[in-house]
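Working through the structure, step by step
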Amino acid sequence: MLTIDCKDVISIKNELLVYVADQMAAIPTLKHNQFTLSVLDDDDILDSTAVISAIKEYLDSIDQGNNFAVISNNDMINITSISGKIIEEDAVESQNDMFSCTHCGFVTMYEVELNAHMRIHYL
């Protein structure tokens, strides 16, 4: 499992999570200022170099690649602003109201919907 710290790019965290998880075929889980990636099969290992490359590709696609450094330290990857400038939140809607299934990465805005979803894992 890898943890990606997004405190300097919090406004694009959800889009970044979707892009990287899709590139890596991994299960994402949202956290407050971070997201984690888990493998589908316990025998597989996430390649942190490939995850860093996917993050850099996404940052380059939105013309922010030169403004951020992507640094790996064991199972933690930090996206850090080089100039001290962070990507400001453009969306009016708060991203703190998202709930994520720890089993499969399902994401919803409603805690009740998440609770109903999580029951299917225990049937």
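The structure under discussion appears in the preceding block.
These lines cover the structure that appears in this document, whether it is placed above or below. Here, residues in each chain are numbered from 1, in the same order as that chain's written sequence. Note on the predicted model: pLDDT of at least 70 is required for a residue's local features to be given, and 80 or more for side-chain atom pairs to be given and counted; whole-chain, interface and lining totals, by contrast, use all residues. With hydrogens and water stripped out, all remaining heavy atoms of the structure feed into the side-chain values.

Let us now look at the nonpolar core. Note on terminology: a nonpolar core comprises buried Ala, Val, Leu, Ile, Met, Phe, Trp, Tyr and Cys residues joined through side-chain atoms within 4.5 Å. Note on exposure labels: buried denotes an accessible area under 20% of the residue type's maximum, exposed denotes more than 50%, and partly exposed covers the range between, all computed with a 1.4 Å probe on protein chains only. Of all hydrophobic cores here, the largest spans 26 residues; its most connected members are Ile4, Leu37, Val51, Ile55 and Ile79. Put simply, the parts of the chain that give this core at least two residues each are β1 (2–5), α1 (13–24), β3 (34–38), α2 (48–61), β4 (68–73) and β5 (76–81). Take this core: its biggest share by element is six residues, from α2. Residues within four places of isoleucine 55 in sequence aside, it is in contact with Ile4, Leu16, Val20, Val70, Ile77 and Ile79. In DSSP terms, a helix is any run of H or I states spanning at least four residues, a strand is any run of E spanning at least two, and both are numbered starting from the N terminus. The contact definition used throughout considers only heavy atoms, calling two residues in contact when any of these lie within 4.5 Å.

What follows covers the packing of aromatic side chains. Note on aromatic contacts: the rings of Phe and Tyr and the six-membered ring of Trp form a pair at centre separations within 6.5 Å, being stacked when their planes are under 30 degrees apart, edge-to-face when over 60 apart, and tilted otherwise. Going through the model one piece at a time under the given rule, you end up with one aromatic pair. Pairing tyrosine 19 with tyrosine 58 gives two aromatic rings, centres 5.6 Å apart and planes at 45°, and the pair type is tilted. Highlighted residues: tyrosine 19 in helix α1 and tyrosine 58 in helix α2, separated in sequence by 39 residues. Assessed through its relative accessible area of 25%, tyrosine 19 is described here as partly exposed.

To continue, consider unusual backbone geometry. Positive phi is not limited to glycine here, since aspartate 63 has a value of about 60°. Tracing the backbone shows aspartate 63 in the loop between α2 and β4. The exposure class assigned to aspartate 63 is exposed, which follows from its relative accessible area of 67%. For asparagine 74, which is not a glycine, the phi torsion comes out positive at approximately 60°. Within the element layout of this structure, asparagine 74 appears in the loop between β4 and β5. Overall, the relative accessible area of 67% leaves asparagine 74 in the exposed class.

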